[in-house]
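Structure assessment
If you want the building blocks of each chain, they are given just below.
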Amino acid sequence: MAERGRYLYAVTRGLTGDQLAGAQGLADAPLTTVEHDGLSAVVSDVDLEEYGEEGLRRNLERLEWLEEVARRHDEVVHAVAEHGPVAPLRLATICLGDEGVRQRLVEWHDALAEVLDRVDGRREWSVKAFAARAPGTRSEPTAEVGATGGGAAYLRRKKEQTLSRAQGEEAALQVAEQVHARLSGHAAASRRLAPQDPRLTGHTGTMTLNSAFLVDEDREPAFLDEVQGLRAEHPDAGLELAGPWPPYSFAVLDQA
Amino acid sequence: MSTGSPENPGSTGSTEVQPRAVEDRPLGQIALVDLLDRLLGTGVVLAGDVVISLAGVDLVQVRLHALIATVREEMKKP
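The structure displayed is predicted, hence computed values, not measured ones. (Residues numbered from 1 in each chain as written. Chains lettered and ligands numbered in written order. Predicted model: local features only at pLDDT ≥ 70, side-chain atom pairs only at ≥ 80, totals over all residues.)

Attention now moves to the overall build of chain A. Summing up its helical and strand segments, chain A has eight helices and eight strands in all. Over its C-alpha trace chain A gives a radius of gyration of 24 Å, far above what one expects of a compact globule, namely 18 Å for 256 residues. Seen through its C-alpha atoms, chain A measures out along the principal axes to roughly 85 × 45 × 35 Å. Counting across all 256 residues of chain A, residues that qualify as buried make up 41%. Considering only residue pairs separated by 6 or more positions, chain A has 78% of its internal contacts joining residues 24 or more positions apart. (Helix = DSSP H or I, 4+ residues; strand = E, 2+ residues; numbered from the N terminus. Rg over C-alpha atoms; globule rule 2.2 N^0.38 Å. Buried ≥ 20, exposed ≤ 12 C-beta atoms within 10 Å, placed from the backbone. Contact = placed C-beta atoms within 7 Å.)

What follows concerns the overall build of chain B. Secondary structure assignment for chain B yields three helices and one strand. Mapped in sequence order, the helices and strands of chain B form the string α-α-β-α. Going through the 78 residues of chain B one by one, you find that 22% of them count as buried.

Let us now look at the packing of helix H6 (residues 150-184) of chain A against helix H8 (residues 220-233) of chain A. Residue and element names in this part refer to chain A. H8 packs onto H6 with a crossing angle of 155 degrees between their chain directions and a minimal axis gap of 10 Å. The angle between H6 and H8 places the two elements in the roughly antiparallel class. Of the two possible hands of crossing, H6 and H8 adopt the one that is right-handed. Here H6 contributes Val179, Arg182 and Leu183 to the contact with H8, which in turn contributes Phe223, Glu226, Val227 and Leu230. For the contact of H6 with H8, a count of residues per class yields five nonpolar, no polar and two charged. (Axes fitted to C-alpha atoms, helices over the stretch in contact; angles between N-to-C directions. Parallel < 35°, antiparallel > 145°, perpendicular 65-115°, else oblique. Left-handed = near helix turned anticlockwise from the far one by under 90°. Nonpolar A, V, L, I, M, F, W, Y, C, P; charged D, E, K, R; others polar.)

With that out of the way, let us pick up the packing of helix H3 (residues 63-81) of chain A against helix H2 (residues 32-41) of chain B. Packed helix pairs are characterised by how far apart their axes lie and by the angle those axes make with each other. At their nearest, the axes of H3 of chain A and H2 of chain B sit 10 Å apart, and the two run at 75 degrees to each other. The angle between the axes of H3 of chain A and H2 of chain B places the two elements in the roughly perpendicular class. Residues Glu67, Ala70, His73 and Asp74 of chain A of H3 of chain A touch H2 of chain B, and the partners they reach there are Leu32, Leu35, Leu36 and Leu39 of chain B. A class-by-class count of the residues in the contact of H3 of chain A with H2 of chain B yields five nonpolar, one polar and two charged.

Turning our eyes to something else, we now look at the environment of glycine 55 of chain A. Residue and element names in this part refer to chain A. Mapping glycine 55 onto the fold places it in helix H2 (residues 53-59). Owing to 19 C-beta atoms within 10 Å, glycine 55 belongs among the partly exposed residues under this scheme. When near neighbours in sequence (up to four residues on either side) are disregarded, glycine 55 contacts Leu48, Glu49 and Glu50.

Attention now goes to the sheet that holds strand E8 (residues 240-245) of chain A. Residue and element names in this part refer to chain A. What the four strands build is an open sheet, ordered E6-E7-E5-E8; its pairing is antiparallel. Both edges of this open sheet fall to strand E6 (189-192) and E8, since each of them pairs with a single strand only. In this sheet, adjacent strand axes meet at a mean angle of 20 degrees when their direction is disregarded. Two strands pair when backbone bridges link them, and E6 and strand E7 (residues 207-216) are joined in this way by four bridges, in the antiparallel orientation. Paired with alanine 189 across the bridge in E7 is leucine 214. (Pairing = 2+ DSSP bridges.)

All names here are of chain A. Per-residue pLDDT for chain A has a mean of 88; in total, 92% of the residues score no lower than 70. Taken element by element, the predicted model of chain A shows its lowest mean pLDDT in helix H7 (residues 198-201) (73) and its highest in H8 (97). Below pLDDT 50 for its whole length, residues 135-144 participates in nine contacts with residues either more than four positions away or in separate chains. (pLDDT = per-residue confidence, 0-100.)

So, about the nonpolar core. Residues and elements named next belong to chain A. Counting residues in hydrophobic clusters, the biggest one holds 75 residues, and the most contacted among them are Ala10, Val80, Ala87 and Val179. Ranked by the residues each element gives to this core, the list is headed by H3, at eight residues. Domain assignment of the residues forming this core places at least three in each of domain 1 (4-119) and domain 2 (122-250). Non-local contacts of alanine 10, meaning those with residues more than four positions away in its chain, are made with Val42, Val76, Val77, Val80, Val86, Ala87, Pro88 and Leu89. (Core = buried A, V, L, I, M, F, W, Y, C linked by C-beta atoms within 7 Å. Domains from an automatic or database assignment.)

Residue and element names in this part refer to chain A. The first and last C-alpha atoms of H6 sit 50 Å apart over 35 residues, in line with the 51 Å expected at 1.5 Å per residue. Among the residues of H6, Ala172, Val175, Ala176, Val179, His180 and Leu183 are the ones counted as buried. If you follow the buried residues of H6, they end up packed against strand E5 (122-130), E6, E7 and H8. (Expected span 1.5 Å × (residues − 1).)

Another point: the pairing of strand E3 (residues 39-47) of chain A. Residue and element names in this part refer to chain A. The buried count for E3 comes to seven of nine residues, which makes it a mostly enclosed element. With five bridges joining them, strand E2 (residues 32-36) and E3 adopt antiparallel strand pairing. Looking across to E3, one finds that glutamate 35 is bridged to serine 40. Taken together, E2 and the strand that follows it, E3, pair antiparallel across an intervening segment of two residues, in which aspartate 37 is found at a positive phi of about 45 degrees.

Residue and element names in this part refer to chain A. We note that the domain assignment places domain 1 (4-119) and domain 2 (122-250) within chain A. Put simply, the middle of domain 1 and the middle of domain 2, counted by C-alpha atoms, are 36 Å apart. Facing the seven residues of domain 1 at the interface are six residues of domain 2. Elements supplying a minimum of two residues to the side of domain 1 that touches domain 2: H3 and helix H5 (109-119). The leading source of residues in the side of domain 1 that touches domain 2 is H3, at three residues.

As structure tokens, then:
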């Protein structure tokens, strides 16, 4: 049994398997390349018991499995990026053999070449912003002056709180817009990803911005300066910078 | 050969800008949640007959499960 499949990590240009000697694929399998007309797909053998449709469905529910595959996929993508522009593939793209891989390269050749052109010499940076803890939760003046009906005063206070919280959120969203716009000015492309769940970020504040920027390597100093500048201007926005990464968010094919 | 970029007399090597870019993690080390965002949400999708891919799996489900599992892991930690 033990049918084998070919797991695709990334597509690049003119790379041979032995140039990736330092890196290993999933389950430490050796990496090889499948080539077509200037494009190289980086692949390794996987067991279809584990990576077939049924195996995937089962395994994707297990975080340890998912993390291991994601980390290894990422390592291979990094290794490929050392050699040239890289178009990372989505996690768990598997062909049944090299011929299948080659067919994909033939079919998607122009779109892949376009992606590689777009990301060449550029890297991805992540910038996140957070809304500060809601102002309404701060301790409020308890001593109510004047005995003019506690109920009315309470309602008024409540209303003010709601109002100030709404204003705080509004302001945080405006800051997020501004951060995204200013940084986009230093990037070749930018995207806004969905904000992440607060339980995962370790922040009490709500994520207001989860942006990805594709930045020319020689414009990185200016981009990073702008991040520093924005941090100074908006100390409450909790700006988080991460990267540089391979251009994951920008390796999206323009579907023909 | 330059790639047609604007003049850059300082020729700042990418390595020179890296140290201050790092905040909490080693350079380029990507948090799992960010990595999954990207590997499951973006990246090249090569659909086709001979391809098994996540295009055929309900990604929302996968992400949800991964998220819940991550949170559980976090909560287990002292």
